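A look at the structure
Chain by chain, the residues:
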Amino acid sequence: MHTEHDGFQRASPPGDRVEWEGLERAIAERELALLDGTAGDGDESEIGGPAGDPSGRYPRMATTATDLAPLAAPSAGLPRQRAVCGSAPAALPDVLVAGGTADGWWRDAVVYQVYLRSFADADADGVGDLAGLRARLPHLAWLGVDALWITPHYPSGGADGGYDVCDYRDVDPELGTVDDVRLLVEDAHALGLRVLLDVVPNHTSDRHPWFEAALADPSSEHARKYVFAPASPEPPNNWVSLFGGSAWSRTPDGRWYLHLFSPEQPDLDWREPSVAEDFEETLRFWLDLGVDGFRVDVAYGLFKDPELRDNPGTYSPTLFGHGDEQRHTWDQAEVHTVWRRWRALVDSYEGTGGGRRMLVGEVCLADLDRVAAYVRPDEMHQAFAFRLLKSPWDAASFAEGVCSALTAFDRVGAPVSWVLGNHDKDRQVTRFGGGAHGLSRARAAAMLVLALPGSPYLYAGEELGLPQVVVPDEAKQDPIFHRSGGLRAGRDGCRIPMPWSTGPAAGFSGERAVEPWLPQPEAWDELSVERQAQDPTSTLWLYRTALVLRRELRALGGGRASVERSGDVLAVHRGDEATGSLTCWVNMGHEAVAVPCAGDVVLASEESVTAGDGWVHLPASTAVWVSEPARA
């Protein structure tokens, strides 16, 4: 429900400052005891590299309350972090059960996206890998997420960060081996984490054996697996690549082949039955290895208009998603048959703790009812809701983004999968204005999303408040930059390798002085996990505390929500008299406001939030959670 009213005051009532240190310390000790099963025995332990590894090559992270709980009064860490963020530019226009039952774990799971090449480097080659991720799993368990989604790990042509796949049932040697995937899954499950892999069914690499055979012999059976058109002076139609330029390229013999992304990513023809059969074998291969599901890349693609008719318009990256202007390239009716088959296949497997395996689709359509069609009961389990990812810092925009998604997905009985950031968009801190303002807004937005019903997806590094990085042109690797002739900056700036410590390369390669595959900016280590873990005012601790409370408070996670907006103030109400209630208030304006407080303040995005006399004083760009207990 979305209503508007005038029930908020601009005045700032007197009140006592809300103190957090004791709450965070108690939460840390309790959760860490649950993690290692010691029930708070206080023994120190380190979890990191593979068991029995005597070499110490693998990055390790301490996971004890002594190491990670805040030990002193709030420090100057947050101002220091803001100073680092302030050096980044403002956004530029673009020229195991998380509530519920194990069977439906995915309905309110918090999923952490790992951009594998940028997460952690175990073998000191400057590129993140599976062993590095495995060593850092305790960070994710400590943080409090329920699952991780790993971007493509397959052998790749290297044209689009792994999304140009050469072999769907193997691992790129630069990233590890199939056995590394198995060990990763086993370790994740032991820590109570589920694992989702990325699968890319719309296109392959131009170095895939199928495409190489199709180029060599137009009469080959493999030629039927791609979208080819006969030789002609001009491309077959007006379709354009999402990366810039025509979506058609010539083969050496004069034919045209379709690539809705880069020329190195030829589109498959899903009307050829052998394509569907092979992908189902791929799903079984990884499911048999123990993975808990798949994020499906370009799930609204696969089928194209068989007559190759011109599209009536051109897509703009500023839109919320594809619409009628691209009706012949996206969202064809036949694609739903594929997802019904995949759903049946995935549902035939039992997952960790008796839970089901799952599918989440990337469905970039402007019409949310059409997005919701992908999560009908016999299709995918989840599809991303991208409205907030493209919404400005504005209460009306956020209210519309939340309410429209809740309404559309509720019609088909599916949870909403919320996205504030990912590997394709500028970091929230920068999108929301950059500097201290951007950081405060990103923190408040995180509290809003984590208070919503459904399944939030967090992108690696947002728990550190990382800003977008300006990457020098000569270091850029994203095909969007190169295909657009430099008119679009590309996505490299949100893919900078993670800062883990104050060591060389901010600990990305452990203690080794190795140049990472994308350059890190100066003072990147100021935002590292190591620094923020010792600072109770840090963004890391804000995320961690919110995630713990999301598990603790019955009003959060599953269930429904009502949404209110009054001017620049947004409120999300959760729970009822039986479960207790929680309201998330967000001030998206430029002036402080006072909002009613009938319960206890359990979390605030900034220390400047104060409470007293039945009100919460909410400065600009801040958020607060107010909890009321269940009534007997």
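The structure we're discussing is the one just above.
Right, let's walk through the structure included here. Along each chain, residues carry numbers from 1 onward, in the same order as the chain's sequence is written. Local features in a predicted model are, by the rule used here, given only for residues with pLDDT of at least 70; side-chain atom pairs are given and counted only at 80 or more, and totals for whole chains, interfaces and linings are based on all residues. Side-chain figures throughout are based on the complete set of non-hydrogen atoms in the structure, without hydrogens or water.

Before going further, it helps to spend a moment on the sheet that holds strand S14 (residues 417-419). In sheet architecture, strand pairing relies on hydrogen bonds along the backbone and comes in two forms, parallel and antiparallel. Here eight strands make up a closed barrel; going around it, the order is S5-S6-S7-S11-S12-S13-S14-S15 and the pairing parallel. Ignoring which end each strand starts from, the neighbouring axes of this sheet average 25 degrees apart. Any two strands between which DSSP finds at least two bridges are classified as paired. Comment: elements are numbered from the N terminus, with helices defined as DSSP H or I runs of at least four residues and strands as E runs of at least two. Pairing geometry for strand S13 (residues 382-385) and S14, over two bridges, is parallel. By the bridge assignment, alanine 385 is partnered in S14 with tryptophan 418. Along the sheet, helix H12 (residues 395-410) contacts S13 and S14; its crossing angle with S14, the most-contacted strand, is approximately 155 degrees. Here an angle of 0 to 180 degrees is reported between the N-to-C directions of two axes, which are lines fitted to C-alpha atoms, with helices fitted over the stretch in contact. Between two residues, a contact is recorded if the distance between any of their heavy atoms is within 4.5 Å.

In this model, helix H8 (residues 273-288) (16 residues) spans 23 Å end to end at C-alpha, consistent with the 22 Å of a helix rising 1.5 Å per residue. Residues of H8 that are buried make contact with helix H6 (178-190), strand S7 (194-199), helix H7 (209-216), strand S11 (293-296) and helix H9 (335-347). Positioned one or two residues after H8, glycine 290 has a phi angle of 110 degrees, which is positive. Expected helix span is given by 1.5 Å per residue-to-residue step, counting one fewer step than there are residues.

Time to look at the sheet that holds strand S8 (residues 228-229). Taken together, the three strands give an open sheet; going across it, the order is S8-S10-S9, and neighbouring strands pair in antiparallel fashion. Each edge of the sheet is formed by a strand with only one pairing partner; in this case those strands are S8 and strand S9 (248-250). Strand direction decides the pairing type here: S8 and strand S10 (residues 256-258), joined by two bridges, are antiparallel. Residue pairing in the sheet places alanine 229 in a bridge with tryptophan 256 of S10.

To continue, consider the side chain of glutamate 325. As for its placement among the helices and strands, glutamate 325 is situated in the loop between S11 and H9. The buried label applies to any residue whose accessible area, calculated with a 1.4 Å probe on protein chains only, is under 20% of its type's maximum; exposed applies above 50%, and partly exposed to all values in between. We score Asp and Glu as negative and Lys and Arg as positive, and we do not count His or the chain ends. Each reported salt bridge corresponds to a side-chain nitrogen of Lys or Arg within 4 Å of a carboxyl oxygen of Asp or Glu. Arginine 327 provides the closest opposite charge to the buried, salt-bridge-free glutamate 325, at an N-O distance of 8.7 Å. Polar contact is defined as a pair of N or O atoms within 3.5 Å, subject to the rule that within protein one atom must be able to donate a hydrogen and the other to accept it, and that residues adjacent in sequence are counted only when both atoms are side-chain atoms. A distance of 3.1 Å separates a polar atom in the side chain of glutamate 325 from the backbone nitrogen of glycine 323. The residues touching glutamate 325, leaving out its near neighbours within four places in the chain, are Asn311, Pro312, Gly313, Thr314, Tyr315 and Leu319.

Attention now moves to unusual backbone geometry. One non-glycine residue, aspartate 331, adopts positive backbone phi at about 60 degrees. By the secondary structure assignment, aspartate 331 is in the loop between S11 and H9. With relative accessibility at 13%, the residue aspartate 331 sits in the buried group. One non-glycine residue, alanine 505, lies in the positive phi region at around 50 degrees. You can see alanine 505 is positioned in the loop between helix H15 (479-483) and helix H16 (529-533).

Remember that the coordinates give geometry; whether it matters functionally is a separate question.
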